[in-house]
Amino acid sequence: MEEEGRKLLEEGIRKKLISPGRGELSSFPDGTKVVFHYRTSLSDGTVLDDSRTMGGRSKPMELILGKKFKLSVWERILITMKQGEVAEFTCDTKHTALYPLVSQSLRNISIGKDPLEGQRHCCGIAQIHSHHSLGHKDLDHLQANPQPLVFAIELLEVLTPGSFQLDMWAMTDKEQLDSVPQIHEKGNALFKEGKIKEAMEKYYNAIACLKNLQMKEHPGDEAWIHLDQMITPLLLNYCQCQLLQGQYYEVIEHCSSLVFKYEDNLKAYYKRGKAHAAVWNEKEARADFAKVVELDPSLEASVNKELKALEERLRSKKQEEKGRYKGLFDINTQPAAATTVSPV
């Protein structure tokens with residue numbers, strides 16, 4: 001242990017044991033899965049991230065060793081820990097330069113966003129030297145002012161290679177691509193069972209996987225277009241789930257991105273029309289539904305049904321507003337009661 005501590009110090013890492021673990025120290029071969037909670041702080045104690053509270057829930061981090069995780073220092077410190085151990089590691093700036101990018105991805109994931117959202121098509125070092133905002137003031141400040149960080153780690157579980165199923169992010173590019181159709185089918189099955197939130201998660205995971213692969217291609221190239229065509233039906237399914245969840249503005253945003261690229265995408269116009277109708281955007285809804293009929297006249301009956309429902313809702317809304325404001329601007333014809341003021 002003393003020898004390991006000395007090696008860490010030479011590398012610019014200071015370890016403080018909080019609670020010893022149990023059993024023997026694992027050999028941690030490549031492919032080992034480690035599950036751990038972490039809290040990241042500045043040297044003054046200011047907490048940046050905590051896996052127990054991030055995104056309003058407690059979800060431990062999972063890492064596959066040997067997969068070249070962007071923040072390599074985490075792999076370095078984890079292999080010094082026993083299962084169940086709690087320790088603090090103060091790491092020099094040379095180990096923490098990429099933490100703002102890692103934190104941005106983890107924060108995105110915790111709230112259901114694309115982990116790559118906001119990151120440019122360039123390597124991490126290029127992003128570090130760019131003036132691109134990460135969308136979080138504390139991370140922008142840290143990116144502009146690299147400094148040592150303190151990682152408090154609780155190692156929950158160590159799983160040997162082959163004893164667990166690989167998560168999407170731990171797969172090779174080919175493994176990820178091959179798994180997408182299976183995830184798509186699972187999402188469809190969950191949707192048919194009425195498990196909308198679970199289906200959304202499957203569609204989201206498949207989309208995030210394909211977007212990650214797409215980031216490695218040049219926009220407009222054959223491979224990029226092929227991946228984009230795989231994303232489109234998944235995104236439409238995701239939007240259908242969002243419609244059922246009442247997330248109308250998100251549907252408008254996603255479908256707008258689709259029709260911008262694919263002007264003849266009938267399903268995107270239809271779903272966007274329904275979303276516009278749900279948020280009282282009558283003009284936009286009518287325009288989208290008209291485009292649907294233009295692309296496929298056989299859907300005129302379905303579109304008319306949607307328009308009739310919209311008109312009924314608009315009439316009900318107008319009647320409701322009329323009743324709400326009735327008498328509000330009427331002139332009061334009753335004389336005001338006289339007020340008697342007693343002499344002082």
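With an unreviewed UniProt entry as reference, the chain is termed peptidylprolyl isomerase, source organism Ataeniobius toweri. Turning to the chain, the UniProt annotation filed under Subcellular location (unreviewed entry) states: "Cytoplasm". Under the UniProt heading Catalytic activity (unreviewed entry), the entry covering the chain gives this text: "[protein]-peptidylproline (omega=180) = [protein]-peptidylproline (omega=0)".

Points about the pairing of strand E2 (residues 33-42)
Within E2, nine of the ten residues are buried, which leaves the element mostly enclosed by the surrounding structure. As judged from the four bridges shared by E2 and strand E4 (residues 61-64), these two strands associate in the antiparallel manner. Following the sheet pairing, Lys-33 is matched in E4 by Ile-64. In this structure, E2 lies alongside strand E6 (residues 149-159), joined through ten bridges in antiparallel fashion. Paired with Thr-40 across the bridge in E6 is Phe-151.

Comments concerning the pattern of salt bridges
Overall, the coordinates contain 19 salt bridges when judged by the stated rule. For Arg-6, the salt bridge identified is with Glu-3, shortest N-O distance 2.5 Å. Taken together, the positions of Arg-6 and Glu-3, both in helix H1 (residues 2-10) and three residues apart, correspond to about one turn of that helix. Judged by relative accessible area, which is 40%, Glu-3 ranks as partly exposed. Arg-272 is the partner of Asp-288 in a salt bridge, and the nearest nitrogen-oxygen pair spans 2.8 Å.

What about helix H6 (residues 137-144)?
Where H6 is concerned, the buried positions are Leu-139, Leu-142 and Gln-143. Axial view of H6: buried residues confined to an arc of 100°, hence all on one face. Projecting away from the buried face of H6 at angles above 90 degrees are the exposed residues Lys-137 and Ala-144.

Basis of the calculations
Residues numbered from 1 in each chain as written. Predicted model: local features only at pLDDT ≥ 70, side-chain atom pairs only at ≥ 80, totals over all residues. Heavy atoms only, no water. UniProt positions renumbered as here; feature names shortened; annotations may be inferred. Buried < 20%, exposed > 50% of the residue type's maximum accessible area, 1.4 Å probe, protein only. Helix = DSSP H or I, 4+ residues; strand = E, 2+ residues; numbered from the N terminus. Pairing = 2+ DSSP bridges. Salt bridge = Lys/Arg side-chain N within 4 Å of Asp/Glu carboxyl O. Arc of directions from axis to C-beta.

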